[in-house]
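Each chain, letter by letter, is given below.
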Amino acid sequence: MTEYKKVDDKVIEDLKLIAGEKNVITEESRMIDYSHDEFTLSDIAHMPDVVVKPGNTEEVSKILEYAGNNRIPVTPRGGATGLCGGCVPCLGGVVLSVERMNRIKEVDVDNQMAVVEAGVTLMDFYESIEAAGLFFPPHPGDESAMIGGLIAANAGGARAVKYGVIRNYIRGLEVVLASGKIIRPGGKVMKSSSGYSLLNLFIGSEGTLGVVTSAVIQLMPPPEATRSLIIPYDDLARAIETVPLLIKRKILPMAVEFIPKEVIVRTEELLKKRWPSKMGNTYLLVILDASSEDEIDKLSEKVAEVSLDKGALDVFVADSPEKQKQVLDIRSKIYESIKEDNVETLDIAVPRAEIADHVKKVMEVEEKYGMWLPTYGHAADGNVHTHIMKIRYDKGKATPLPEKEWKEKLEKVRRELFQDCRDRGGTISGEHGIGLVKKAYLPYVVDEEEIFLMKGIKKVFDPHHILNPEKIFD
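Analysis parameters
Residues numbered from 1 in each chain as written. Predicted model: local features only at pLDDT ≥ 70, side-chain atom pairs only at ≥ 80, totals over all residues. Heavy atoms only, no water. Pairing = 2+ DSSP bridges. Helix = DSSP H or I, 4+ residues; strand = E, 2+ residues; numbered from the N terminus. Contact = heavy atoms within 4.5 Å. Axes fitted to C-alpha atoms, helices over the stretch in contact; angles between N-to-C directions. Core = buried A, V, L, I, M, F, W, Y, C linked by side-chain atoms within 4.5 Å. Buried < 20%, exposed > 50% of the residue type's maximum accessible area, 1.4 Å probe, protein only. 1 Å grid on protein atoms, 1.4 Å probe; cavity = no way out; pocket = protein on both sides within 12 Å on 5 of 7 lines; lining within 4 Å. Points joined across faces, edges and corners; volume = space filled by probe spheres on them. Nonpolar A, V, L, I, M, F, W, Y, C, P; charged D, E, K, R; others polar.

A.B. asks: Account for the sheet that holds strand β8 (residues 182-183), naming residues and giving values.
C.D. replies: Strand order across the open sheet formed by five strands is β5-β6-β9-β7-β8, with antiparallel pairing between neighbours. Where the open sheet ends on each side, the last strands, each with one partner, are β5 (104-108) and β8. Here strand β7 (residues 170-176) runs beside strand β9 (residues 211-218); their pairing, made up of six bridges, is antiparallel. Across the sheet, I170 pairs through a bridge with I217, a residue of β9. Contacts from helix α4 (residues 122-131) reach β5, β6 (113-117) and β9, with the element oriented near 35° to β5.

Given below as structure tokens:
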């Protein structure tokens, strides 16, 4: 077991020599924000001993070399938008924030690639590439997320069914290893069969194998036409069962979301905006893209035909940029509307043919424990987000649960839903990562030999366990 060195005054002074005095934080009041991510329960938060904000890769290299030589734990941190404690400095030590490394180095229109630093936010990235007439298909959600964190979690989002996840767009990385050495796997190439893919090993490794400082990202031309369809149903199962029928008809939407009415109502109240339909109890949000208006008209007609045959009550079209923005604004703020009463957001992914039955299991568990478990997600790729809430919700009325009661039920709800996920051949995280919160449940879906191999990889890259320790596994 690694024995870590305590951060003392000398360590702090040495870090100031590397990153500059103004980029080293030791005041407790300023470090509180670096003690947690967006996971709701504050009991997993832990104060770092010091926060360091390097300005370039060379400074990151020096910090990691110093930390490795002195056995000081280092927790890499991006935008801290994660939901599983992935950037919580649970052993104290150094939080290494990439927030100053926020340069978009290049948007290469000829090769349709961008080179960006790890601290670039998704919002700034979109703005930059759209100005160049290019398109980055993944949309993981919170646009304050930083590129380094998105790569570390292999983030996904609603568009994964057609366009894939972050991994599908990373062509090259600049990574600082635990030793301080810098490597640059990949580059501006579309293909490589030159040895093991270290590039893909770092994507999704949650900062446990190295610190990503820069990335080469594949871009695309934007679609000529997009359209959002809002399709109400009385029955959730019928809504979800519509999705494989669309795929069988060779309709591959950009995104397909299933959303229960009660969370839409709460979000409407928060934003003072209105969803296009009041009908039904649940909705499919189908987002289409195509190379022309004629093509998108034909796709829309096919979607409407399949949906109405499956029991949809109607099909509403958001075909103008303003209408689409209103719909997507409401969808993107669902989490904000329920965040106050949310205890935990699950990130289960199952084969898409299993979604309907998994959601039925969620409803059974909701009834069994008397906790509201609003569930929505990416219906075409099997990623289901269930929120474990500290309230009951019945006929539009929310009733708070006593703290002792919801805390007693929390673990039972988790276990039942993770077991159902395992039984359906699923995984406990489709896009958020394992982090600190889910590591006890990793053996539900990853066998002992695989975990053994993962630990072996960790030991090769980080023999002294200084990089984001206690994440994914102990």
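A.B. asks: For the nonpolar core, give the residues involved together with the corresponding values.
C.D. replies: I231, F258, L284, V286, V303, M371 and V413 are the most contacted members of the largest nonpolar core, which totals 64 residues. If sequence neighbours within four positions are ignored, V303 has contacts with L229, I231, L246, I251, V286 and L288.

A.B. asks: Break down the layout of surface pockets for me, with residues and values.
C.D. replies: Looking at the second largest pocket, its volume works out to about 620 Å³. Looking at the second largest pocket, it is lined by 28 residues, and the ones nearest its centre are G204, S205, E206, M454 and I472. Tallied by class, the residues present in the lining of the second largest pocket amount to 14 nonpolar, 10 polar and four charged.

A.B. asks: Describe the sheet that holds strand β3 (residues 74-77), and please don't skip the residues or the numbers.
C.D. replies: If you trace the four strands from one edge of the open sheet to the other, you get β1-β2-β4-β3, paired in mixed fashion. Each edge of the open sheet carries a strand with a single partner, namely β1 (24-25) and β3. Bridging between β1 and strand β2 (residues 50-52) involves two bridges; their strand directions are antiparallel. Residue pairing across strands places I25 opposite V51, the latter belonging to β2. Sheet contacts for helix α3 (residues 57-70): β2, β3 and β4 (94-97); angle to β4, the most-contacted strand, approximately 165°.

A.B. asks: Can you explain helix α9 (residues 261-271)? Please cite residues and give values.
C.D. replies: For α9, the set of buried residues is V263, I264, R266, T267 and E268. In the core, the buried residues of α9 are packed alongside β11 (255-260), β12 (282-290), α11 (321-332), α12 (334-338) and β18 (391-394).

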